[in-house]
Amino acid sequence: MKDKKFSFLVPCYNCEKFIFNNGLKLLKKIKRNQINFEIFFINDGSNDNSLTQLNKLKKLNNKIKIINFRNNEGKSSVLKKSIKKTSGKIIILYDCDLPYLNYFDRVVKLLDNGNKFVTIDRRAIESKFDYTQSNFYQIFRYLVSKLVNVIISYTILKDFNGDTQSGLKGFESIKNFKNQNFLSNKFFIDSEIISFFEKKNIKIT
């Protein structure tokens with residue numbers, strides 16, 4: 001996988017308790033897959049010690065970059081600005097709690113093999129949410145995500161009926177992508193990106 005460069009964008013907010021260890025886990029996965037990479041950890045105005053932990057990560061590898069926003073702008077806003085800084089052929093958006101880590105290798109392989117857009121789909125029939133292994137925040141986020149997906153399916157998207165809000169998705173940085181004027185500043189940039197690829201008649205895997 002050394003031919004294609006992967007740019008990982010990891011938005012972070014108040015994650016000091018786990019972001020250093022998760023950064024190590026992500027690095028381990030990347031190295032195991034022998035990926036040519038860069039990682040942007042994006043601190044979205046955290047008011048804890050997240051930035052300190054991120055700077056510790058940066059010292060471990062010169063391919064780790066920190067983008068720091070002094071104020072909390074929202075996931076969509078910081079991703080819009082950070083995407084423009086990437087240099088990889090493939091861009092992967094990954095939540096800082098590293099959901100679906102057991103699917104990481106599969107997502108990377110699909111992207112390396114020519115699929116232009118790959119995403120986790122929690123709305124797939126075989127996908128099951130384990131309430132017994134989840135805390136209140138995870139359950140709340142899952143339920144809100146389901147509601148958001150239903151709204152988006154009837155408004156922004158035309159043919160895509162999958163999960164727009166999953167925390168792991170990757171896509172090829174195709175022509176004109178970085179020049180797009182995405183409107184969302186809080187939570188819906190994922191849907192806008194999917195819509196952009198959908199309008200280009202690109203298959204969502």
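Scroll up to find the structure this text is about.
Residues numbered from 1 in each chain as written. Predicted model: local features only at pLDDT ≥ 70, side-chain atom pairs only at ≥ 80, totals over all residues. Heavy atoms only, no water.

1. Points about the overall build of the protein chain
In step 1: When you go through the protein chain residue by residue, the secondary structure sums to six helices and six strands.
In step 2: The buried share of the protein chain, taken over its 205 residues, is 48%.
In step 3: Contacts in the protein chain between residues at least 24 apart in sequence constitute 77% of all its contacts with a sequence separation of at least 6.
In step 4: Of the accessible surface of the protein chain, which amounts to about 11,300 Å², a share of 51% is contributed by carbon and sulfur atoms. (Helix = DSSP H or I, 4+ residues; strand = E, 2+ residues; numbered from the N terminus. Buried < 20%, exposed > 50% of the residue type's maximum accessible area, 1.4 Å probe, protein only. Contact = heavy atoms within 4.5 Å. Areas by Shrake-Rupley, 256 points an atom, 1.4 Å probe, with all protein chains shown as cover.)

2. Notes on the pairing of strand β4 (residues 90-94)
In step 1: Among the five residues of β4, five are classified as buried, and the element is accordingly described as predominantly covered.
In step 2: The alternating pattern of β4 places Ile 90, Ile 92 and Tyr 94 and Ile 91 and Leu 93 on opposite faces, both of which are buried.
In step 3: Alignment of strand β1 (residues 5-12) against β4, held across four bridges, turns out to be parallel. If you follow Phe 6 over to β4, its bridge partner there is Ile 90. (Pairing = 2+ DSSP bridges.)

3. What about empty space enclosed by the protein?
In step 1: Throughout the structure, instances matching the rule amount to one cavity of 30 Å³ or more.
In step 2: As a volume, the largest cavity reaches approximately 50 Å³.
In step 3: Lining the largest cavity are Pro 11, Lys 75, Leu 79, Leu 93, Tyr 94, Asp 95, Ser 166, Gly 167, Leu 168, Lys 169 and Asp 190. (1 Å grid on protein atoms, 1.4 Å probe; cavity = no way out; pocket = protein on both sides within 12 Å on 5 of 7 lines; lining within 4 Å. Points joined across faces, edges and corners; volume = space filled by probe spheres on them.)

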